[in-house]
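# Inside the fold
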Amino acid sequence: ITMVLLLLAYFTSLFFSATNGLLFTPPPFQELTSSTIAYITAASSAVPLRRLRKDLACEGGTSTTRRTYNGLTECNAFPRKPIRPTSSYSQPGEEEEEEERPRFENDGITTADFTLDPTSEKSKEIIIDTLRLSSQQYDQIAKLSQLIVQWNDSVNLVSRKDCSPDVVFGRHILPSLALLNLPDFLNNGEQKQVIDVGTGGGFPGLPLAIAYPQHQFMLVDSTGKKLQVVQAIAEELGLSNVQTHHGRVEEMIDYHIQHKRRYHFCLGRSVAPLPKFCSWIHGLLRKEDGKLVYIIGGEIEDSVSSQVLSETPLQELIPSMRSEKRALLFNESSIARFGGEPSRKKTTTKKMGTLVGSKPKPRPEESIKFKKPAKGEWKKKDRSIPRQSGYESFKRFDSIDGQ
């Protein structure tokens, strides 16, 4: 009887609650009744029930939190972590307050801070007035940013996050061209050999090849797909001073002797730690005037910083450009001090019937001399030893009767 009366009281309170005439709600059903009202209201509005169930969650098992949904004030208690409702469930005209978060040193710097439209007047002013390039070279640079974006859909040349011509021009092309204002970098008219190690999508090699058509550029990378795209872009831009090499730079001297002590400048952009990078390219630079220009954004070791000839932030080279990287300049003697001779790994590539980096095979006589003979192995007989046939003491009898 008690259960029947409780159920009757519950359905009665539910009926009056649905008609906004709540007269009596037993204590055991207060929270259940309020939840039912919220679900009925959500069913008649645009609020999803699943999201409403999450937003009704309260911190702690007994505490309640009051929220407003479409004019209905609701509270509930669930042992769940509270979830902040989105602005779509807030009352019209109400603005949500943003929570304060700690500020860091580089906080607020996004990709948008480095973007620049290559077709804008500001870009044209930087290329022609600041860098003193021609209008034809400006057209090539603007086309380069478009080609990188087109090829990046199929081959990952640069980061695909926020990849656009503005990002490519402001974050990759302009920092590469900032080296034009670096002192003692390709300033005289004599033809020079430049190698770009770890070029990736062609930076900084391709923009500098556009700016210096009189110098020869060798772009090196261990990823063949990227180099094929870089070579195709160079051909489409009409750059006859660009060549590519697929392979590891530390193996170039071993297999291609023409690269030894050949290059006036070596370029690198955050390829590897500087001591390791210098050990790779140590034998490529000329002893008299070879130099390394390395673009980096992080900290460097004290042993490396003591050998730096100059350290120039890229933003000082082009004031109207924003960049957090800087250019380090080393000469060949400085590279030899902390880089040392290049460390080359032993490989197992077939070359002229032998294995490069492996021990030579012993000659047949050497291998037979120290080889233990196998059991039952055929051996040449020694004729100086008398034959042991077993016939020396043999007596022949014609018949048994003859004995």
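Since we're looking at a predicted model, the values are computed, not measured.

What counts, and at which threshold
Residues numbered from 1 in each chain as written. Predicted model: local features only at pLDDT ≥ 70, side-chain atom pairs only at ≥ 80, totals over all residues. Heavy atoms only, no water. Core = buried A, V, L, I, M, F, W, Y, C linked by side-chain atoms within 4.5 Å. Buried < 20%, exposed > 50% of the residue type's maximum accessible area, 1.4 Å probe, protein only. Helix = DSSP H or I, 4+ residues; strand = E, 2+ residues; numbered from the N terminus. Contact = heavy atoms within 4.5 Å. pLDDT = per-residue confidence, 0-100. Salt bridge = Lys/Arg side-chain N within 4 Å of Asp/Glu carboxyl O. Axes fitted to C-alpha atoms, helices over the stretch in contact; angles between N-to-C directions. Parallel < 35°, antiparallel > 145°, perpendicular 65-115°, else oblique. Left-handed = near helix turned anticlockwise from the far one by under 90°. Nonpolar A, V, L, I, M, F, W, Y, C, P; charged D, E, K, R; others polar. Arc of directions from axis to C-beta. 1 Å grid on protein atoms, 1.4 Å probe; cavity = no way out; pocket = protein on both sides within 12 Å on 5 of 7 lines; lining within 4 Å. Points joined across faces, edges and corners; volume = space filled by probe spheres on them. Lys, Arg positive; Asp, Glu negative; His and termini not counted.

In this structure, Ile127, Leu179, Phe185, Leu206 and Ile233 are the most contacted members of the largest nonpolar core, which totals 52 residues. Here this core takes 6 residues from helix α5 (residues 135-152), the largest share from any one element. Contact partners of Leu179, with chain neighbours within four places excluded, come to Phe185, Leu208, Leu267, Val293, Ile295, Leu314, Leu317 and Ala327. Within the second largest apolar cluster, 27 residues are counted, among which are Ala272, Leu292, Tyr294 and Leu328.

This next bit is on the confidence of the model for the protein. Chain-level pLDDT for the protein is 75 on average; 62% of the residues reach the 70-or-more range. Residue range residues 21-26 is modelled with pLDDT below 50. Its contacts to residues more than four positions away, or to other chains, number 11 contacts. Here residues 341-359 scores under 50 on pLDDT; set against residues more than four positions off or in separate chains, the count is 23 contacts.

Our focus in this paragraph is helix α6 (residues 165-177). Counting buried positions along α6 gives 10 out of 13 residues, so the element sits mostly inside the fold. Taken as a whole, α6 has its buried residues at Val167, Val168, Phe169, Gly170, His172, Ile173, Leu174, Pro175, Ser176 and Leu177.

Moving on: the pattern of salt bridges. The full count for this structure, using the stated rule, is 4 salt bridges. A salt bridge links Arg261 to Glu332, with the shortest nitrogen-to-oxygen separation between them at 2.9 Å. Remark: Glu332 occurs in helix α13 (residues 332-339) and Arg261 occurs in the loop between α9 (252-255) and β6 (265-269); sequence separation between them is 71 residues. Residue class for Glu332 comes out buried when judged on its relative accessible area of 9%. Among the ionic pairs, Arg326 bridges to Glu311, the shortest N-O distance being 2.4 Å. With Arg326 in strand β9 (residues 326-331) and Glu311 in strand β8 (residues 310-313), this residue pair connects regions lying 15 residues apart in the sequence. Among the residues examined, Arg326 registers a relative accessible area of 13% and is labelled buried.

Before going further, it helps to examine the packing of α5 against α6. In contact at an axis separation of 9 Å, α5 and α6 are set at 125° when each is read in the N-to-C sense. With respect to α6, the axis of α5 lies oblique. Helix-helix and strand crossings are classified by hand; for α5 and α6 the assignment is right-handed. Facing Ile141, Leu144, Ser145, Gln146, Ile148 and Val149 of α5, the residues of α6 in contact are Pro165, Val168, Phe169, Ile173 and Leu177. When its residues are assigned to classes, the contact of α5 with α6 shows 9 nonpolar, 2 polar and no charged.

The next point concerns unusual backbone geometry. Generally, phi is negative for residues other than glycine and the peptide bonds are trans, each holding for most cases. Here the bond from Phe203 into Pro204 is cis, since omega is 5°, no more than 30 degrees from zero. One non-glycine residue, Asp162, lies in the positive phi region at around 55°. Along the polypeptide, Asp162 turns up in the loop between α5 and α6. Phi is positive for Ser270, which is not a glycine, with a value near 50°. Take Ser270: it is sitting in the loop between β6 and α10 (274-281).

Okay, helix α4 (residues 121-130) next. Burial in α4 covers these residues: Ser123, Ile126 and Ile127. Projected down its long axis, α4 shows its buried positions confined to an angular sector of 85°, all on one face. Seen from the open side of α4, the exposed residues pointing more than 90 degrees away from its buried face are Glu121 and Asp129. Turning to α4, the residues buried within the fold contact α5 and α6.

Turning our eyes to something else, we now look at the layout of surface pockets. Quantified by volume, the largest pocket comes out at close to 500 Å³. In terms of lining, the largest pocket is formed by 28 residues, of which the most central are Gly198, Gly200, Arg269, Ser270 and Val271. Secondary structure elements with two or more residues in the lining of the largest pocket: α6 and β4 (216-221). For the lining of the largest pocket, the leading source of residues is α6, giving 4 residues.

Examined against the element boundaries, Asp196 turns out to sit in strand β3 (residues 193-197). No salt bridge forms around the buried Asp196; measuring N to O, its nearest opposite-charge neighbour Arg269 is 7.6 Å away. Filtering out sequence-adjacent residues up to four positions away, Asp196 remains in contact with Phe203, Pro204, Gly205, Met218, Leu219, Val220 and Leu267.

Let us now look at the environment of Phe185. Mapped onto the fold, Phe185 is located in the loop between α6 and β3. The exposure class of Phe185 is buried, given its relative accessible area of 0%. Discounting residues that sit within four places of it in the chain, Phe185 has contacts with Leu179, Leu208, Tyr212, Phe265, Leu267 and Val293.

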